[in-house]
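Structural description and commentary
Here are the chains, one letter per residue:
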Amino acid sequence: MINAPRPLHTPPRQASIGTRLLSLHAGSTYVFLYAPIVLLVIFSFTKDTFGVRWTGFTLDWYTKLFNDQRMMSAALNTLWVAAVSTVLSTICGTLLALAMERYRFRGRDGLDALLYMPIVIPEIVMALALLAFFSFSFGIFESLTGITLRMNIWTVIVSHVAFSISFVTVVVRASLKGFDVRLEEAAADLGADPRTTFWRITLPLIIPGVIGGALLAFTLSLDDFIISFFTVGPGTNLLPIEVYGRVKRAITPSINAISTIMLVVSMLLVFLSQFMQRRADER
Amino acid sequence: MKSLFRLLLGVLVMATIAACGAAPAATEAPAAEAPATDAAAPAGPAFDPAVDKSKLAKEINFLNWTDYLAPEILTNFEATYGVKVIVDNFDANEDMIAKVRAGGSGYDLVTPSDYAVQTMATEGLLQPLDKTLLTNAVHVEPTLLNKYFDEGNVYSLPYMYGITGIAYNKKTFPTAPDSWSTIFDLAALEQYKGQFSMLDDEREVPGAALKYFGYSLNETSPEAVAKVQELLIAQKPFLASYNSSDVNRKLASGEYLFAHAWSGQAMQARNGLGDEFSGNADIGFVIPKEGGMIWMDNMVILKESPNAYTVQVFMNYLLDPSVAALNTEYIGYLTPNKDAIPLLDPAISALYAEGFSPDAEVMKRLEWAIRNESTAVFSDVWTAVKGE
Amino acid sequence: MSMVPSVELPPDQRQTRTRSLVGLLTPGVLWLGVFFVLPLLIVVVYSFATNSPTGKVIWEFSLDSYRVLWGKELFYNAYIRSLVIGLEVTLICALIGYPLSLHMVQAPPARRNVLLFLILIPFWTNFLVRTYAWMLLLSNNGLINSLLVALGFAKQLLYPSEGAVLVGLVYGNLPFMVLPLYASLARFDFTLMEAGSDLGATVVQRFLRIMLPLTAPGLVAGSVLVFIPTVGQFVVSDLLGGAKVDMLGNLLQRLFTRSNPPNWPLGSALALVFMALLTIVVLVYFRTTTEEDR
């Protein structure tokens, strides 16, 4: 990159055929992404108990769901796990990405390889390894202190962070490549201390990567079944585990209903924060 | 760009707040469809005067197969005894054993299948039962006690059992297809291509093929195994899928015309499943004349459990004929509780007579699948079939 | 594009640099060390242990698992199938994901966020439920077949089939491709393309010579994130493919928790060899495609 980077948001504005084709492509991809989701939402309102045909409108499945303590607590637990593990893994992962891309140090190559391991490890292997690890270390802890530890929601969070860090790092590193260090040097020359430089220069430039990484971590955690199953203790119910069990028996409109609710809650959160952000920007 | 960061933070903070209230929310006993119980007069059997209330734990942890317990039993038991039973689910014996074997799982009561009881007992994961506390064990069908996996029932008592045969749609088969040739005669399969399924199980599927050839389920001679493997590979293109999970629904909806299935799945296809899907009156179930498989899930107490007394009070409660009948109607598998059978809904008893439950004659054709070093060969058969 | 100052720094600056490096590394390294490396070591130990007849791991050193792994021709089909399907899915995701990311970064800033979230929102429903939704779409009496019939075509057996597995896998993994691509395209300087066009390069030339090389890191990261889970998964191929064929993920899942008896040492050995191969491939790939400019 020879030129000083232009402001990032000025792509060429030519409504060429290329741009139109891109829009068309994007449009059809969104249709592809949303077709099953729309179907799922529609069938959460069907009277048909198989949930495969439209036989009339009903809200019964939602009423049933709200009375279903097990499902509701599972949904809340899952949101909690996803939120906490996303925050933790985004912080750790972003810092690691910065270290890997900006520094040369002994053991960097080893760390590089290690960082890909949680991505390449098959889930079932990581799950059983963590199960063995927790029971082993809890055993040692008990023999040392006499206190019995049990797996619970925190062992799930810890495990989710352990696999999410790498995903965050990969995405953030992709956005750090091609990062022009001279911008930071310029800031330093102008008298900014490292902290200011980080917050005012570095972070804003890598933020698409950070957000991408965080979203990935959030999505992975919401969906994880295998690792959650093996690292959770008695009495903590999680949505993927609950859904897995129920779907095995029969997929019903109730399952569609909980999915619809999760969808609506996520979208509300997004739009609400967009709204708040706009208000903040206006001030 | 900074705004993007705020956006992210906003989402996370809100998700966190939303979840915070219920953060460590332990699973409540599923009160979903349970009728509201009056504390003064709980439904279900009354408090057993032999139980020493002071010895009861406040709660016990039950690791059970998914959807394998009528929810109101938990509510009733808690109302009567003041003990909360927290249920978590598993769906393969090996998953459950992996968790228990690691140690410190925190569970008290689990329901392994036959061979899994043997594995767990051999490895010292179970504690012996105190028969004096399990007075309701007298209701258990004697032919289902003392089986190979736990002779003398030192560690286990039966919970539910099932049999494996052919579920079919009477519109396609006006008379019961009472031979495994229905599923394995390749010449006849063409017309049903893509409209039937086999269980997704490395013992059940070779087992059915062994029976078709007239062998025992536990036959592991090289020539038998080779014949089975060849047949299964030849059969595969005709199958819709290997399916152990939603066979019930696909039979009921007519998507499958017949299937290699467990009796309980056939029962669910026939009667519907609670209010989850409706039943199909045309579904029948048969154990082919060559024979079929029988299996049983059992209640056992983990060695690590400090709550053995309470667990046995709960086990005894489950063995009460009225509770067992209620549970059986909910689950759809077969109850080993002989005194519960007369209490069942007449519609279900009628199905039992129709072949969904084995009579003495059918019972003779059923075989238990034993696990030992030589039966490990079926893992290879299965890998070969799935590798094609 | 050197990221490391090549000049020697004065001692005090070097000290601050070291201190901030330690700060950057500590949380992540500590976390991965305790909650990933230690558990992984247990797996390494397992792979050299012996299996009991009931499927319990016995602490007796043996190389059997690795020997069996090598000699077991039964497994080869699953290896090859996983590789082929993994590559197919990665390629399709890249072909769909690249133009999509391009469209996203060309949108005005306010809409970019929305577009990004729109990619992710479908994935905040449960994975299994999404897969089941595909089963509904593709089933015999499903929407697509109804459309076909309405348009006068014959019904097609869309599922279970290998095609359905591909659709399900592409669907499930697309965001893993789009996110890194988006991140790297968002940093791409579009004025370079204008410069290229001023110099008379065609669209294709500009894309191949300028845009693709500069966004390669994102493409590579995306490919890795798509390829690996695809090869290791088993649920999609079971549900949409009718559980009729094995991929590597099915094999592993069976070895660990479905076979009678399970064989953890063999499963561990298979997993480790698989991971080692993939890590090497990934590292070599990253080195050759992204760091040549150092």
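Fair warning: this is a prediction, and the values are worked out from it, not measured in the lab.

**Section: the overall build of chain B**
- On a plain count of helices and strands, chain B comes out with 15 helices and 13 strands.
- The burial tally for chain B puts 61% of its 388 residues in the buried class.
- Contacts in chain B between residues far apart in sequence, at least 24 positions, make up 77% of those at least 6 positions apart.
- For chain B, the accessible area works out to roughly 13800 Å², and carbon and sulfur atoms hold 55% of it.

**A closer look at the overall build of chain C**
- The secondary structure content of chain C amounts to 12 helices and 2 strands.
- For chain C, the succession of helices and strands along the chain, N to C, is α-β-β-α-α-α-α-α-α-α-α-α-α-α.
- Its C-alpha radius of gyration of 24 Å places chain C more than 25% over the 19 Å reference for a compact globule of 294 residues.
- When its C-alpha atoms are laid out on the principal axes, chain C stretches across 70 × 65 × 30 Å.
- With 294 residues in all, chain C has 55% of them scored as buried.
- In the form shown here, chain C has an accessible surface area of approximately 12400 Å², with 70% of it arising from carbon and sulfur atoms.
- Counting 19 positive and 15 negative side-chain charges, chain C places the centres of these two groups 7 Å from one another.

**A word on a nonpolar patch on the surface**
- A contiguous nonpolar patch, built from A:Val38, A:Ile42, A:Trp54, A:Phe57 and A:Leu59 and spanning about 500 Å² of accessible area, is present on the exposed surface.
- Within the secondary structure layout, A:Phe57 lies in the loop between α1 (17–42) and α2 (60–66).

**Brief notes about the side chain of B:His260**
Residue and element names in this part refer to chain B.
- Inspection of the secondary structure puts histidine 260 in strand β8 (residues 258–262).
- Using a relative accessible area of 1% as the deciding quantity, one classes histidine 260 as buried.
- Here leucine 199 takes part through its backbone nitrogen, which lies 3.2 Å from a polar atom of the side chain of histidine 260.
- The contact partners of histidine 260, leaving out residues within four places of it in the chain, are Thr164, Gly165, Trp180, Ile183, Ser197, Met198, Leu199, Glu204, Val205 and Ala208.

**Notes on the interface of chain A and chain C**
- Of the residues lining the interface, 104 residues belong to chain A; the matching set on chain C comes to 100 residues.
- Of the roughly 9700 Å² buried between chain A and chain C, counting both surfaces, carbon and sulfur atoms make up 77%.
- Our count for the contact surface shared by chain A and chain C stands at 1 salt bridge.
- For A:Asp223, the salt bridge identified is with C:Arg130, shortest N-O distance 3.1 Å.
- Applying the counting rule to chain A against chain C returns 7 residue pairs in polar contact (both at pLDDT 80 or more).

**So, the packing of helix α6 (residues 153–176) of chain A against helix α9 (residues 203–232) of chain C**
- Packing of α6(A) against α9(C) leaves a shortest axis separation of 9 Å and a crossing angle of 160°. Between α6(A) and α9(C), the interaxial angle falls into the category roughly antiparallel. The two elements α6(A) and α9(C) cross, and the hand of that crossing is left-handed. Contacts from A:Phe167, A:Val170, A:Val171 and A:Ala174 of α6(A) reach α9(C) at C:Gly218, C:Ala221 and C:Leu225.
- Looking at the contact of α6(A) with α9(C), its residues break down into 6 nonpolar, 1 polar and no charged.

**Describing the pattern of salt bridges**
Residues and elements named next belong to chain B.
- Within this structure, the stated rule accounts for 18 salt bridges over all chains.
- Put simply, lysine 250 and aspartate 246 hold a salt bridge, and the shortest N to O gap is 3.8 Å. Aspartate 246 shares its class with lysine 250; the two are buried.
- Residue glutamate 354 is joined to arginine 270 by a salt bridge in which the shortest nitrogen-to-oxygen separation is 3.2 Å. Residue glutamate 354 is found in helix α13 (residues 346–356), and its partner arginine 270 is found in helix α10 (residues 263–271); the two are separated by 84 residues along the sequence.

**Digging into the packing of aromatic side chains**
- Counted under the stated rule, the structure contains 47 aromatic pairs over all chains.
- Ring geometry for C:Phe256 and C:Trp264: centres 5.9 Å apart, planes at 70°, overall edge-to-face. Comparing C:Phe256 with C:Trp264 shows no difference in burial state: the two are buried.
- Ring pairs connect the aromatic residues B:Phe47, B:Phe62, B:Phe77, B:Tyr81, B:Phe314 and B:Tyr317, which therefore count as one cluster.
- Across the ring face of A:Phe229, the terminal group of B:Lys99 is positioned such that the distance to the ring centre comes to 4.9 Å.
- Over the ring of B:Phe213 we find B:Lys227, and its NZ or CZ is 4.7 Å from the ring centre.

**With respect to the nonpolar core**
- Counting 282 residues, the largest nonpolar core has A:Tyr30, A:Phe230, B:Met120, B:Phe314, B:Met315 and C:Met104 as its most contacted members.
- Sort the elements by how many residues they give to this core and helix α7 (residues 162–186) of chain C lands first, with 15 residues.
- If sequence neighbours within four positions are ignored, C:Met104 has contacts with A:Tyr30, C:Arg112, C:Leu115, C:Leu116, C:Ile119, C:Val178 and C:Tyr182.
- Among the nonpolar cores identified, the runner-up in size contains 30 residues, and B:Trp180, B:Tyr242, B:Val381 and C:Ala243 belong to it.

**Details of the pairing of strand β11 (residues 283–286) of chain B**
Residues and elements named next belong to chain B.
- Burial of the side chains of β11 extends over both faces: Ile283 and Phe285 are buried on one face and Gly284 and Val286 on the other.
- Sheet topology note: the strand β5 (residues 156–169)/β11 ladder contains 4 bridges and is antiparallel. If you follow tyrosine 168 over to β11, its bridge partner there is glycine 284.

**Some words on the domain arrangement of chain B**
Residues and elements named next belong to chain B.
- Under the domain assignment, chain B is made up of domain 1 (12–161 + 296–339) and domain 2 (162–294 + 351–386).
- In this structure, domain 1 and domain 2 have C-alpha centres spaced 29 Å apart.
- Facing the 15 residues of domain 1 at the interface are 18 residues of domain 2.
- Contact between domain 1 and domain 2 buries roughly 1400 Å² in total, counting both sides, with carbon and sulfur atoms accounting for 62%.
- Counting the surface domain 1 buries against domain 2, the share from its top three residues, Tyr161, Tyr333 and Leu334, is 41%.
- Where domain 1 meets domain 2, there are 0 salt bridges.
- Linking domain 1 to domain 2 there are 2 residue pairs in polar contact (both at pLDDT 80 or more).
- Mapped by element, the contributors of at least two residues to the side of domain 1 that touches domain 2 are α4 (114–122) and α12 (321–331).
- Here the element with the most residues in the side of domain 1 that touches domain 2 is α4; it accounts for 3 residues.
- When its residues are assigned to classes, the side of domain 1 that touches domain 2 shows 9 nonpolar, 4 polar and 2 charged.

**Focus on the packing of α6(A) against α7(C)**
- For the pair α6(A) and α7(C), the least separation of the axes is 7 Å and the interaxial angle reads 30°. Accordingly, the angle class assigned to the pair α6(A) and α7(C) is roughly parallel. In this structure, α6(A) meets α7(C) at a crossing whose hand is right-handed. Contacts between α6(A) and α7(C) involve A:Phe167, A:Val171, A:Ala174 and A:Ser175 on the former and, on the latter, C:Phe176, C:Pro180, C:Ala183 and C:Ser184.
- Taken together, the residues that form the contact of α6(A) with α7(C) break down as 6 nonpolar, 2 polar and no charged.

**Notes on the pairing of strand β12 (residues 292–302) of chain B**
Residues and elements named next belong to chain B.
- Within β12, 11 of the 11 residues are buried, which leaves the element mostly enclosed by the surrounding structure.
- Here 2 bridges tie strand β3 (residues 109–110) to β12, and the two strands are oriented antiparallel to one another. The partner of valine 110 across the bridge, within β12, is valine 300.
- The pairing of β5 with β12 spans 8 bridges and is antiparallel. Its bridge partner lying in β12, proline 158 is registered against asparagine 298.
- When β12 meets strand β13 (residues 366–368), the two strands line up parallel, connected through 3 bridges. Following the sheet pairing, glycine 292 is matched in β13 by leucine 366.

Calculation notes
Residues numbered from 1 in each chain as written. Chains lettered and ligands numbered in written order. Predicted model: local features only at pLDDT ≥ 70, side-chain atom pairs only at ≥ 80, totals over all residues. Heavy atoms only, no water. Helix = DSSP H or I, 4+ residues; strand = E, 2+ residues; numbered from the N terminus. Buried < 20%, exposed > 50% of the residue type's maximum accessible area, 1.4 Å probe, protein only. Contact = heavy atoms within 4.5 Å. Areas by Shrake-Rupley, 256 points an atom, 1.4 Å probe, with all protein chains shown as cover. Rg over C-alpha atoms; globule rule 2.2 N^0.38 Å. Lys, Arg positive; Asp, Glu negative; His and termini not counted. Charge placed at Lys NZ, Arg CZ, Asp CG, Glu CD. Patch = residues over 30% accessible without salt bridge, like charges linked within 9 Å, V, L, I, M, F, W, Y side chains within 5 Å. Salt bridge = Lys/Arg side-chain N within 4 Å of Asp/Glu carboxyl O. Polar contact = N/O pair within 3.5 Å; in protein donor to acceptor, adjacent residues only side chain to side chain. Buried area = accessible area lost by both parts, 1.4 Å probe. Axes fitted to C-alpha atoms, helices over the stretch in contact; angles between N-to-C directions. Parallel < 35°, antiparallel > 145°, perpendicular 65-115°, else oblique. Left-handed = near helix turned anticlockwise from the far one by under 90°. Nonpolar A, V, L, I, M, F, W, Y, C, P; charged D, E, K, R; others polar. Phe/Tyr/Trp six-rings, centres within 6.5 Å; stacked < 30°, edge-to-face > 60°. Lys NZ or Arg CZ within 6 Å of the ring centre and 35° of its normal. Core = buried A, V, L, I, M, F, W, Y, C linked by side-chain atoms within 4.5 Å. Pairing = 2+ DSSP bridges. Domains from an automatic or database assignment.

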